[in-house]
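For reference, the chains in residue letters:
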Amino acid sequence: MSKSSKEIISKLGPLIGLILLIIVVSILNPSFLTISNIFNVLRQVSISAIIAFGMTFVILTGGIDLSVGSTLALTGAVAASLLAGGFDPILSMGIALILGLILGGINGVIITKGKVAPFIATLATMTVYRGLTLVYTNGKPISGLGDHASFQLFGKGYFLGIPIPVITTLITFGILYFILHKTTFGRRVYAVGGNEEAAKLSGINADRVKIAVYAISGFLAALSALILTSRLNSAQPTAGQSYELDAIAAVVLGGTSLNGGKGWIFGTLIGALIIGVLNNGMNLIGVSSFWQQVVKGIVILLAVLLDRKKSE
């Protein structure tokens with residue numbers, strides 16, 4: 001078998017896995033394939049998928065971002081407080097997105113200029129951002145966001161019968177796919193992750209690329225925060241806990257190497273769908289929430305072991 005054929009099969013692996021998972025869940029519980037349930041799965045996946053798209057950029061450079069869940073919580077709280085205070089919904093959403101961009105950029109600066117390992121840097125900012133969220137909200141949910149149609153539609157609305165969060169996810173995917181696979185910046189992301197020293201010798205500013213990918217990750221975490229806050233019509237100070245783990249799992253399940261330099265964002269979308277179908281399927285079948293954690297952990301472990309095997 002040629003190298004190109006192996007690469008194609010490797011890329012199709014997650015998609016085949018998703019199809020098999022859907023078949024198994026559908027056999028165990030036929031109600032899985034109802035239109036309402038499918039839209040429910042896609043709506044739930046939209047939040048984790050958008051975060052995972054940003055995580056893909058980060059992991060492709062050989063990094064990791066553990067702060068995305070805390071970034072989601074903080075930006076969601078800021079947006080909610082502005083809305084509750086009577087701010088224009090578009091302005092409130094814009095401020096939250098800019099804040100997410102800044103928080104992500106701070107991660108990038110700490111990692112590149114401070115020479116701190118991505119795991120340690122984002123573990124620290126995960127704690128800092130969560131603490132700031134608790135301080136900002138005084139540990140209490142923010143509700144009473146008002147009846148702003150534009151904001152309500154963002155998380156709960158439909159367009160031509162399709163949930164707007166699903167449409168937002170697909171548009172985001174299309175833009176990021178183009179950036180990652182069709183632009184010079186995308187090629188630089190792969191180059192930095194593949195061999196940073198070689199990338200520097202070829203004239204690529206690796207630090208700038210890294211700061212940019214962490215900023216993208218923060219921005220997308222904020223976008224997910226807006227969807228979640230709109231859906232709940234409130235902001236919870238505990239929002240986003242463990243979201244970073246689901247995002248990393250989606251990226252790895254999608255075939256992106258934790259070593260950096262290899263992977264594609266379509267695989268991440270499939271990985272997010274696998275996790276969404278797995279969660280929904282286990283709920284429909286009646287699997288205990290405790291056992292669900294065990295199953296998800298085993299799936300993630302198998303994906304990492306497979307990644308290690310491919311890297312050898």
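Residues numbered from 1 in each chain as written. Predicted model: local features only at pLDDT ≥ 70, side-chain atom pairs only at ≥ 80, totals over all residues. Heavy atoms only, no water.

Chemist: Tell me what's going on with the overall build of the chain, and back it up with residues and numbers.
Modeler: Summing up its helical and strand segments, the chain has 13 helices and 2 strands in all. Taking 2.2 N^0.38 as the reference for a compact globule, 312 residues should give roughly 20 Å; the C-alpha atoms of the chain span a radius of gyration of 19 Å, in line with that estimate. Projected onto its principal axes, the C-alpha positions of the chain cover 60 × 55 × 35 Å. Counting every position in the chain, which comprises 312 residues, the buried fraction comes to 49%. Once local pairs closer than 6 in sequence are excluded, the contacts in the chain between residues at least 24 apart make up 77%. Carbon and sulfur atoms form 69% of the exposed surface of the chain, whose accessible area is close to 14,600 Å². Put simply, the chain has 21 plus and 11 minus side-chain charges, and the middle of one group is 4 Å from the middle of the other. (Helix = DSSP H or I, 4+ residues; strand = E, 2+ residues; numbered from the N terminus. Rg over C-alpha atoms; globule rule 2.2 N^0.38 Å. Buried < 20%, exposed > 50% of the residue type's maximum accessible area, 1.4 Å probe, protein only. Contact = heavy atoms within 4.5 Å. Areas by Shrake-Rupley, 256 points an atom, 1.4 Å probe, with all protein chains shown as cover. Lys, Arg positive; Asp, Glu negative; His and termini not counted. Charge placed at Lys NZ, Arg CZ, Asp CG, Glu CD.)

Chemist: Give me the pattern of salt bridges: which residues, what numbers.
Modeler: Taken as a whole and assessed by the stated rule, the structure comprises 4 salt bridges. We note a salt bridge from Lys200 to Glu196, for which the minimum N-O separation is 3.4 Å. Here Lys200 pairs with Glu196, and both are found in helix H9 (residues 196–201), just 4 residues apart, close to one helical turn. Between Asp246 and Lys296 there is a salt bridge, with its nearest N and O atoms 3.1 Å apart. A residue pair is termed long-range when its members are at least 10 positions apart, and Asp246 in helix H11 (residues 243–253) and Lys296 in helix H13 (residues 289–311) qualify at 50 residues. By relative accessible area, Lys296 is classed as buried at 15%. Overlapping salt bridges, with partners in common, bring together Glu196, Lys200 and Lys210 in one network. (Salt bridge = Lys/Arg side-chain N within 4 Å of Asp/Glu carboxyl O.)

Chemist: Any details on the packing of aromatic side chains? Residues and values, ideally.
Modeler: Overall, the coordinates contain 4 aromatic pairs when judged by the stated rule. Members of the aromatic cluster, each reached through a chain of ring pairs, are Phe53, Phe173, Tyr177, Trp264 and Phe266. (Phe/Tyr/Trp six-rings, centres within 6.5 Å; stacked < 30°, edge-to-face > 60°.)

Chemist: Go over the nonpolar core, please, and point to the residues and values.
Modeler: Generally speaking, soluble globular proteins have nonpolar side chains that are buried together. Counting 76 residues, the largest nonpolar core has Phe53, Phe57 and Leu226 as its most contacted members. Ranked by size, the runner-up nonpolar core spans 5 residues in total, among them Leu74, Val78, Leu103 and Tyr129. (Core = buried A, V, L, I, M, F, W, Y, C linked by side-chain atoms within 4.5 Å.)

Chemist: Please give an account of the packing of helix H3 (residues 68–84) against helix H5 (residues 118–137) that cites residues and values.
Modeler: Packing of H3 against H5 leaves a shortest axis separation of 8 Å and a crossing angle of 25 degrees. For the element pair H3 / H5, the angle class is roughly parallel. The crossing of H3 and H5 is left-handed. Residues Gly69, Ser70, Thr71, Ala73, Leu74, Ala77, Val78 and Ser81 of H3 touch H5, and the partners they reach there are Met126, Tyr129, Arg130, Leu132, Thr133, Tyr136 and Thr137. A per-class count over the contact of H3 with H5 returns 8 nonpolar, 6 polar and 1 charged. (Axes fitted to C-alpha atoms, helices over the stretch in contact; angles between N-to-C directions. Parallel < 35°, antiparallel > 145°, perpendicular 65-115°, else oblique. Left-handed = near helix turned anticlockwise from the far one by under 90°. Nonpolar A, V, L, I, M, F, W, Y, C, P; charged D, E, K, R; others polar.)

Chemist: Give a description of a nonpolar patch on the surface that names residues and reports values.
Modeler: Nonpolar side chains collect at one region of the surface, where Leu12, Ile16, Ile19, Leu20, Ile23 and Ile27 lie side by side and expose about 570 Å² of accessible area between them. Relative to the helices and strands, Ile23 resides in helix H1 (residues 3–28). (Patch = residues over 30% accessible without salt bridge, like charges linked within 9 Å, V, L, I, M, F, W, Y side chains within 5 Å.)

Chemist: I'd like to hear about H5, residue by residue, with values.
Modeler: Compared with an ideal rise of 1.5 Å per residue, which puts 20 residues at 28 Å, H5 spans 28 Å between its outermost C-alpha atoms and is within 8% of the ideal. Burial in H5 covers these residues: Ala121, Thr122, Thr125, Tyr129, Arg130, Thr133 and Thr137. Along H5, the residues classed as buried sweep out an arc of 160 degrees about the axis, all on the same side. Counted as exposed and oriented over 90 degrees from the buried face of H5: Thr127 and Val135. (Expected span 1.5 Å × (residues − 1). Arc of directions from axis to C-beta.)

Chemist: Lay out the side chain of Ser224 in plain terms, naming residues and giving numbers.
Modeler: Position of Ser224 relative to the elements: it lies in helix H10 (residues 206–232). Under the relative-accessibility criterion, Ser224 is labelled buried at 0%. If sequence neighbours within four positions are ignored, Ser224 has contacts with Ile47, Ile50, Ile51 and Leu72.

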